[in-house]
Amino acid sequence: MKDELRALKSLAGSFPSFNAEDAPDDPKDLFSAWLREAIEAGIREPHAMTLSTVDETGSPDARVLILKNLDERGFHFATSNAGPKGWQIAVSPYVALTFYWSPLGRQVRIRGVAIETASHERDVDFLARPAGSRAAALLNRQSDVLSSDADLDAGLAEQRLRLADQPDLIAPNWAVFVVMPHEVEFWQGNQERRHQRLRYRRDRGGWIQERLWP
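Residues numbered from 1 in each chain as written. Predicted model: local features only at pLDDT ≥ 70, side-chain atom pairs only at ≥ 80, totals over all residues. Heavy atoms only, no water.

**Digging into the pattern of salt bridges**
- Throughout the structure, instances matching the rule amount to 13 salt bridges.
- Here Asp26 makes a salt bridge to Lys28, at a shortest N to O gap of 3.5 Å.
- The residue Arg73 makes a salt bridge to Asp71 at a minimum N-O spacing of 2.8 Å.
- For Arg73, a relative accessible area of 30% translates into the label partly exposed.
- According to the relative accessible area criterion, Asp71 is buried, its value standing at 16%.
- Three or more residues are tied together by salt bridges with common partners; here these are Asp71, Arg73 and Glu121. (Salt bridge = Lys/Arg side-chain N within 4 Å of Asp/Glu carboxyl O. Buried < 20%, exposed > 50% of the residue type's maximum accessible area, 1.4 Å probe, protein only.)

Written as structure tokens, this is what we have:
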């Protein structure tokens, strides 16, 4: 396997330039610009991100999910409070988000605190989800051991019937979280490994910018 891995190319291709001296004062503005460039470049699922958490023993966990919104508060995602993500955030709200857009050689790393939003935001998010996603959330069995596909099919069918009768039904454990960042790092890869790294650190309500060695 080692030889196979060494034969694979990394950071191959032509990447966009990045001048840290021209970066805006707020990292959310730079993130928005990079995300739009990823969308315009045709990158598949550019809003996919890795959410990293820790459990009650301090062991790390991570999974890929979707960015739902970005506003003045921070980065939004939705999940069930009754699953591992919800349990772990209840134990420790300090989380990390990672975005990686390989064709652009760009990575964004975010560290912050996950705060649950108000119920009306949860309701709006849940009702905007496809029927299949709402049915799965209403099962309230995320990460439970599954005995058979038949059990899953039967459970989803039952929840679809509930939704047909009650189209405005909201899963009681559904939640929308906003990650309020205290540190954001932008990483622009370079074929010669002369990477550009710019870190924003929150300080007394403002942001400090720092260049980092590759």
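**Thoughts on the packing of aromatic side chains**
- The full count for this structure, using the stated rule, is 10 aromatic pairs.
- For the pair Phe31 and Trp101, a centre-to-centre distance of 6.0 Å together with 45° between the ring planes defines the contact as tilted. In this pair, Phe31 is assigned in helix 2 (residues 27-40) and Trp101 in strand 5 (residues 94-101), connecting sequence segments 70 residues apart. Across this residue pair, the class does not change: Phe31 and Trp101 are buried.
- Note on Phe126 and Trp174: the rings are 5.7 Å apart at their centroids and 65° apart in plane angle, and the pair reads as edge-to-face. Here Trp174 lies in strand 7 (residues 174-188) and Phe126 lies in helix 4 (residues 119-127), a separation of 48 residues in the sequence. Like Trp174, Phe126 is buried.
- Among the aromatic side chains, those forming a connected cluster through ring pairs are Phe18, Trp34, Phe186, Tyr200 and Trp207. (Phe/Tyr/Trp six-rings, centres within 6.5 Å; stacked < 30°, edge-to-face > 60°. Helix = DSSP H or I, 4+ residues; strand = E, 2+ residues; numbered from the N terminus.)

**Things to note about a nonpolar patch on the surface**
- A cluster of nonpolar side chains, namely Met1, Leu5 and Leu8, defines an oily patch on the protein surface of about 370 Å² accessible area.
- As for its position among the elements, Met1 is in the segment before helix 1 (2-7). (Patch = residues over 30% accessible without salt bridge, like charges linked within 9 Å, V, L, I, M, F, W, Y side chains within 5 Å. Areas by Shrake-Rupley, 256 points an atom, 1.4 Å probe, with all protein chains shown as cover.)

**A closer look at the environment of Asn190**
- Checked against the element boundaries, Asn190 lands in the loop between strand 7 and strand 8 (196-203).
- Spatially, the C-alpha atom of Asn190 lies 6.9 Å from that of Leu11, the residues being 179 residues apart in sequence.

**A look at the nonpolar core**
- Of all hydrophobic cores here, the largest spans 32 residues; its most connected members are Leu30, Phe31, Phe77, Phe99, Trp101, Val108 and Phe186.
- Apart from residues lying up to four places away in sequence, Val108 is in contact with Phe31, Trp34, Leu97, Thr98, Phe99, Trp101, Val184, Glu185 and Phe186.
- Listed in part, the 11 residues of the second largest apolar core include Ala78, Ala137, Trp174 and Val176. (Core = buried A, V, L, I, M, F, W, Y, C linked by side-chain atoms within 4.5 Å. Contact = heavy atoms within 4.5 Å.)

Shape is all these values report; function is a separate question.
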